[in-house]
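Residue-level structural notes
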Amino acid sequence: MATENNTTEEQVISAPNFVRNIVAEDVKNNKNGGKVVTRFPPEPNGYLHIGHAKSICLNFGLPAESANGKCHLRFDDTNPEKEDVEYSRAIEEDVKWLGFDWAEDLYHASDYFDQLYQYAVALIKKGKAYVCHLSPDEAREYRGTLKEPGKNSPYRDRSIEENMQLFESMKNGELAEGECVLRAKIDMSSPNINMRDPIIYRIRKVHHHRTGDDWCIYPMYDFTHCLSDSIEGITHSVCTLEFEDHRPLYDWVLDELETPCHPQQIEFARLNLDYTIMSKRKLLELVENGYVNGWDDPRMPTISGMRRRGFTPESIRTFCERIGVTKKDSVIETGVLENCIREDLDKKAPRVMAVLDPIKVVIENYPDGQEEMLTAKNHPNDETLGTREIPFCKEIYIERGDFAEEPPKKFFRMKPGGEVRLRYAYIVKCESVVHDEQGNVIEIRCSYDQETRGGKTPDGRKIKGTIHWVSAKHAVDAEVRLYDRLFNVPNPDAGEGDYKGNLNPESLEIRVNCKVEPSLAQIDAEQRYQFERIGYFCHDAKDSDEGVLVFNRVATLRDSWAKLSR
RNA sequence: UGGGGCGUCGCCAAGCGGUAAGGCCCGGGGUUUUGAUCCCCGUAUGCGUAGGUUCGAAUCCUGCCGCCCCAGCCA
C-alpha cells in the first residue's frame, strides 16, 4: 500500500560525510553504549553567523539521526572580559529559530568552575602542573618558535606543596593579575607548541556574567573544553580544523585525570562564503563602527541578519546540508545560498504585485471613475494558497523598466505601439508617451481591449509579454530595501590593505516611493512574499510602523532577460 | 628534515582496488498570463604532479609541487 509519507513528508536528504560515517560506525560497534551525545559550544562574545549554522546543523543533526542521541548547548564562558549575557540570549534565540532544541541540556563551562579547580589541584598533586611566574614576554621567549624548541621555565620544578600553596593564593585573590599562571607540565621541546607547558589557569580580577565575583582565576579553553565534554558525557566532540593541533592536549588532559569519559574530538573545515566575512571580531567591528546597522542588519551573514533579511530556517538547513562536511578548506559561492532560499520561498511565498520604480499609465478608453475587482492567484502552481481580489481602474503604475521607448531586440514588455498583458487584467496597447521638458517619460497613455479581461485572449492571439502593475488609486506606499553583497570582492580578507576597503558602497539601496497592492496594507509581521517578476521580500517588523510599510529584499528572481540583454 | 592538515569539473562534493554519483554555475531545448517555477538534454578518457605495485589505481606505495593552520595569560 502506498504510504502517505510519500507525499506529505519532506525529503531530508542526508548525504554521507566523514563525521557521519565515524559516528555511524561507532553506533554500529556499540561504542559508548550506542549513544551519540554532541554539543554546540559557542562563546557568548558575539552573534552567531552562517558558519555557526553549519556547526549547529552538524552537531544537532548527528544525534537526531541516531536512536539514542542528544545535543547540548554549552556556553564556553571562560573569558569574562569579552562575554555578555546579551550574546547568550541572542545565541539561544538563533539556535531555536534555526529549529533545534537542546531540551534540558543547557550548560555553561562556568557551571564547572569548582570541578575544574579540583581537576587542576589533582594535576598539581600528580606533579603535572605548576605555578609559573614568568612574565608574558618571558613566557614567549621560553616557548621557543615554530622551528626551535622551548626552554623549561625556571619555576617548572617547584615542589607540589609550593604549587598547591601558590595556586591557592591565586584562587584567593592574593596575587596580582598577570603575576603568575598555572601551567601543565608536558614538554617544552614538543614540536607541537600547544604541548609546551600550556597555561591552564590565569588570574583575572573581573566580574563574570554568571559567577559574579566568585572567581579571580579562570581556566583556559584547552583545559576547560575537554573536561566539560567529559563531565557532560559527550561522545563526539566536533570542532573546526584549527583545533586539530590541540587534540593531543585535549587527550593529554583527559588521560592524566580521572574523568567520567574520554570523548573523541573530530575536526571539520569551517564555512567560508564568498563576498563576505565570517570573523566574529570583524563582524563586531562592522557593528561597532557603524558600517552596518547592527548585528541584525540584513546584509550581515549573522543568523539574526539573515532572519531579518527574510531567510527561512529551512533554507539555511538545506544550505548546510548541501555544502557538505569535509576537512578541505573551501569557499562556497553565495549563489548556493541564494538558490536555497529561492527554492524554499518559491514553494511557500504568496505572490503579490508591487512596483518598485513606478511610472503612471493612463488607460484612455477605460471609463473615468470606473473600478473593478480582478481575481489573482496567490500561487501559480499551488491552488491551496487560494486567490485574492485586486482593484483595477483607469490609472495604474507599472515598473519604469518595463517600458522602453526604443526597445532593444527581443524586448517584449511595453513599447510604443505594442501590446502587452497586464497580469490578471487586460491586454493594453501603448498609444503615446508624455515627456517633460527634459525629455523624460512621465506618463504613458494606453488603450485596453475589453475582451481580454483577466488577461485572457479569446481570439487566441499570442501576447509575449506580461507585466505587473498596481492601481494608482488603490496603491499603498512602501519603502523597499534592496540589498547587494556586503563586499565587492570574493575574498575581502585577501590581499594587502584592510578588509573594510572592500566594503561595497552600494550594498544597500533604499526605494521610498514604491507602490504595492492594497492587500499588503494589513499583513503579519515578517511575512514573506514574492513580488511577481521582481523577487522575494520580507516585511521588516523592526522598521515598519503605523502607516510605514518596509520590506527587505531577500533575493531576486532569476532573470534570464537581464542575462540576455547584457 | 618544526608540527598538524588538505589537494576529484568554474564552486561544492560522493567515491576508499574493478574502470568518475549528485548539487550549484554554465550552454541548448520544451511548457508557462511571473523573460519566475517546472521539465528535458549537454558539460572531467580525467581525480595536484612524476614514477612504482597490479590483469586493473582517484582509490595502495614512493618522491615532488601547491594551499591552509599553529609561537594569546582568546576561543
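The shown structure was predicted, so the numbers you read here are calculated from the model rather than taken from an experiment.

As a further point, take the sheet that holds strand S18 (residues 441-449). Pairing is mixed in the open sheet, where 7 strands are placed in the order S19-S16-S17-S18-S12-S15-S20. Looking at which strands have only one partner, the edges of the open sheet turn out to be strand S19 (466-467) and strand S20 (469-471). As judged from the 4 bridges shared by strand S12 (residues 358-363) and S18, these two strands associate in the parallel manner. Considered in S18, the bridge of Lys360 is made with Glu443.

At their nearest, the axes of helix H5 (residues 113-125) and helix H7 (residues 160-171) sit 9 Å apart, and the two run at 160° to each other. If you check the angle between H5 and H7, you find them roughly antiparallel. By crossing handedness, the relation of H5 to H7 is classed as right-handed. Where H5 approaches H7, its residues Tyr117, Ala120, Val121, Ile124 and Lys125 are matched on the opposing element by Ile160, Asn163, Met164, Phe167, Glu168 and Lys171. Here the residues of the contact of H5 with H7 sort into 7 nonpolar, 1 polar and 3 charged.

Moving on, we get to the pattern of salt bridges. As enumerated under the stated definition, the model contains 56 salt bridges in all. Note that Arg281 is salt-bridged to Glu285, the shortest N-O span being 4.0 Å. Within this pair, Arg281 and its partner Glu285 are both found in helix H10 (residues 280-288), separated by 4 residues, close to a single helical turn. Its relative accessible area of 57% is what places Arg281 among the exposed residues. In this structure, Arg511 engages Glu509 in a salt bridge whose closest nitrogen and oxygen atoms are separated by 2.7 Å. Judged by its relative accessible area of 36%, Glu509 falls in the partly exposed class. Among the charged side chains, a salt-bridge network with shared partners connects Asp296, Arg308, Glu479, Arg481, Asp540, Lys542 and Asp543.

With that settled, the discussion passes to the domain arrangement of chain A. Split by domain assignment, chain A resolves into domain 1 (122-218), domain 2 (274-348 + 476-566) and domain 3 (354-471). Between domain 2 and domain 3, the contact holds 19 residues from the first and 24 residues from the second. Both faces considered, domain 2 and domain 3 share a buried interface measuring about 1,800 Å² in area, 58% of it formed by carbon and sulfur atoms. Counting across the interface, domain 2 meets domain 3 through 3 salt bridges. Among the salt bridges present, the one from Arg388 reaches Glu517, with a minimum N-O distance of 2.6 Å. One can count 6 residue pairs in polar contact (both at pLDDT 80 or more) joining domain 2 with domain 3. Taken together, the elements giving at least two residues each to the side of domain 2 that touches domain 3 come down to helix H13 (334-348), strand S21 (476-483) and strand S22 (508-516). Residue classes in the side of domain 2 that touches domain 3 are distributed as 9 nonpolar, 2 polar and 8 charged.

Moving on: the environment of Ala472. Summarising the element assignment, Ala472 is placed in the loop between S20 and S21. Judged by relative accessible area, Ala472 falls into the buried class, the value being 18%. Separated by 75 residues in the primary sequence, Ala472 and Tyr397 have C-alpha atoms spaced 5.8 Å apart. Apart from the residues lying within four places of it in its own chain, the contact partners of Ala472 are Lys360, Glu395, Ile396 and Tyr397.

In space, the 3 strands of this open sheet follow the order S1-S2-S3, with parallel pairing throughout. Edge strands, defined here as strands with exactly one partner in the open sheet, are strand S1 (36-40) and strand S3 (106-108). Pairs of neighbouring strands in the sheet enclose a mean axial angle of 30°, with direction left out of account. Strands S1 and strand S2 (69-75) of the sheet are contacted by helix H3 (residues 50-64), whose axis makes an angle of about 160° with S1.

Below, the discussion takes up the protein's contact with RNA strand B. Taken together, 66 residues form the shell around RNA strand B, and within it Arg413, Arg423, Gly454, Arg558 and Ser560 come nearest. Here, RNA strand B places atoms within 4 Å of the protein, and 67% of those atoms are sugar or phosphate. In this structure, a sugar or linking oxygen belonging to RNA strand B sits 3.0 Å away from a side-chain N or O atom of Glu333. Separating a base oxygen of RNA strand B from a backbone N or O atom of Lys456 is a distance of 3.3 Å. Of all the secondary structure elements, the ones that give two or more residues to the surface near RNA strand B are helix H6 (136-143), strand S6 (199-203), helix H12 (313-323), H13 and helix H14 (560-565).

Applying the stated rule across the entire model yields 21 aromatic pairs. Taking 5.3 Å as the distance between ring centres and 75° as the angle between the ring planes, the aromatic pair formed by Phe531 and Phe551 counts as edge-to-face. One end of the pair, Phe531, is in strand S23 (residues 528-531); the other, Phe551, is in strand S25 (residues 550-556), with 20 residues separating them in the sequence. Exposure class is identical for Phe531 and Phe551. Each is buried. Taken together, the ring pairs in this structure connect Phe113, Tyr117, Phe167, Tyr201, Trp215, Tyr218 and Phe223 into an aromatic cluster. A cation sits over an aromatic face here: Lys151 above Tyr142, 4.6 Å from the ring centre. Note that Arg307 overlies the ring of Trp97, its terminal NZ or CZ placed 5.3 Å from the centroid.

Calculation notes
- Residues numbered from 1 in each chain as written.
- Chains lettered and ligands numbered in written order.
- Predicted model: local features only at pLDDT ≥ 70, side-chain atom pairs only at ≥ 80, totals over all residues.
- Heavy atoms only, no water.
- Pairing = 2+ DSSP bridges.
- Helix = DSSP H or I, 4+ residues; strand = E, 2+ residues; numbered from the N terminus.
- Axes fitted to C-alpha atoms, helices over the stretch in contact; angles between N-to-C directions.
- Parallel < 35°, antiparallel > 145°, perpendicular 65-115°, else oblique.
- Left-handed = near helix turned anticlockwise from the far one by under 90°.
- Contact = heavy atoms within 4.5 Å.
- Nonpolar A, V, L, I, M, F, W, Y, C, P; charged D, E, K, R; others polar.
- Salt bridge = Lys/Arg side-chain N within 4 Å of Asp/Glu carboxyl O.
- Buried < 20%, exposed > 50% of the residue type's maximum accessible area, 1.4 Å probe, protein only.
- Domains from an automatic or database assignment.
- Buried area = accessible area lost by both parts, 1.4 Å probe.
- Polar contact = N/O pair within 3.5 Å; in protein donor to acceptor, adjacent residues only side chain to side chain.
- Near = heavy atom within 4 Å.
- Phe/Tyr/Trp six-rings, centres within 6.5 Å; stacked < 30°, edge-to-face > 60°.
- Lys NZ or Arg CZ within 6 Å of the ring centre and 35° of its normal.

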